[in-house]
Amino acid sequence: MTNNDLRSDILPTTVRDFLAASTVHDADTASSFLVEDVVIVDQNKTFRGRDEVHAFLRDAGAEFEYTTEQIGARRVDDDHWVVTLRLEGTFPGGVADLDYRFTLRGNLVAELVIANHEA
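These numbers were taken from a predicted model, which means no experiment stands behind them. (Residues numbered from 1 in each chain as written. Predicted model: local features only at pLDDT ≥ 70, side-chain atom pairs only at ≥ 80, totals over all residues. Heavy atoms only, no water.)

### Quick look at the overall build of the chain
A tally of helices and strands in the chain yields three helices and six strands. Ordered by position from the N terminus, the helices and strands of the chain form the series α-α-β-β-α-β-β-β-β. For 119 residues, the compact-globule estimate of 2.2 N^0.38 gives 14 Å, and the chain sits close to it at 13 Å. Along the longest, intermediate and shortest principal axes, the C-alpha atoms of the chain span 35 × 35 × 25 Å. Across the 119 residues in the chain, those meeting the buried criterion constitute 39%. Across the chain, every contact between residues at least 6 apart in sequence was considered, and the portion connecting residues at least 24 apart equals 41%. Within the structure as shown, the chain displays about 6800 Å² of accessible surface, and the carbon and sulfur contribution to it stands at 47%. (Helix = DSSP H or I, 4+ residues; strand = E, 2+ residues; numbered from the N terminus. Rg over C-alpha atoms; globule rule 2.2 N^0.38 Å. Buried < 20%, exposed > 50% of the residue type's maximum accessible area, 1.4 Å probe, protein only. Contact = heavy atoms within 4.5 Å. Areas by Shrake-Rupley, 256 points an atom, 1.4 Å probe, with all protein chains shown as cover.)

Here it is as structure tokens:
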């Protein structure tokens, strides 16, 4: 992690718990950290509302085996956080560094944009 990065225990509980649940494909628990009108954008595909997002969380990456490691995190402001995850596994390319850009509303995730890490 760089000097601008935060340890995961400094992240808001909502972000930590959402990531913990989504990493193990626990869509029910992950969805409990979302506002009703949540928006998730993953590699330019948009999912809106809890039902659509729940299906995305349940199915995303399920056809592959992979590990996930947090390699960075930073606070933009109180409502915006970026967590960089490294995925390694059986998907094309084998390794991907992804930025998870969270927007919080209250104590819940209102928006999450998942995109290739910006070096």
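Having seen the model, we can carry on.
### Some details on the pairing of strand E3 (residues 66-77)
Two elements, E3 and strand E4 (residues 80-89), share 10 bridges in a ladder whose sense is antiparallel. Looking across to E4, one finds that Gly-72 is bridged to Thr-84. (Pairing = 2+ DSSP bridges.)

### With respect to the pairing of E4
Adjacent in sequence and paired antiparallel, E3 and E4 are bridged by two residues. Two strands pair when backbone bridges link them, and E4 and strand E5 (residues 95-105) are joined in this way by nine bridges, in the antiparallel orientation. Paired with His-80 across the two strands is Thr-103, which belongs to E5. Between E4 and E5, which pair antiparallel in sequence order, lie five residues; one of them, Gly-93, sits at a positive phi of approximately 95°.

### Here we look at the nonpolar core
One recurring pattern in soluble globular proteins is that nonpolar side chains are buried together. If you look at the biggest cluster of nonpolar residues, it comprises 31 residues, and the most contacted ones within it are Phe-18, Leu-57 and Phe-102. Listing elements by their share of this core, those giving two or more residues are helix H1 (13-23), helix H2 (27-31), strand E1 (34-42), helix H3 (49-59), E4, E5 and strand E6 (108-116). The greatest single-element share of this core, amounting to five residues, is contributed by E5. Ignoring anything within four residues of it in the chain, the contact list for Phe-18 reads Ala-30, Phe-33, Leu-34, Leu-57, Phe-102 and Leu-112. (Core = buried A, V, L, I, M, F, W, Y, C linked by side-chain atoms within 4.5 Å.)

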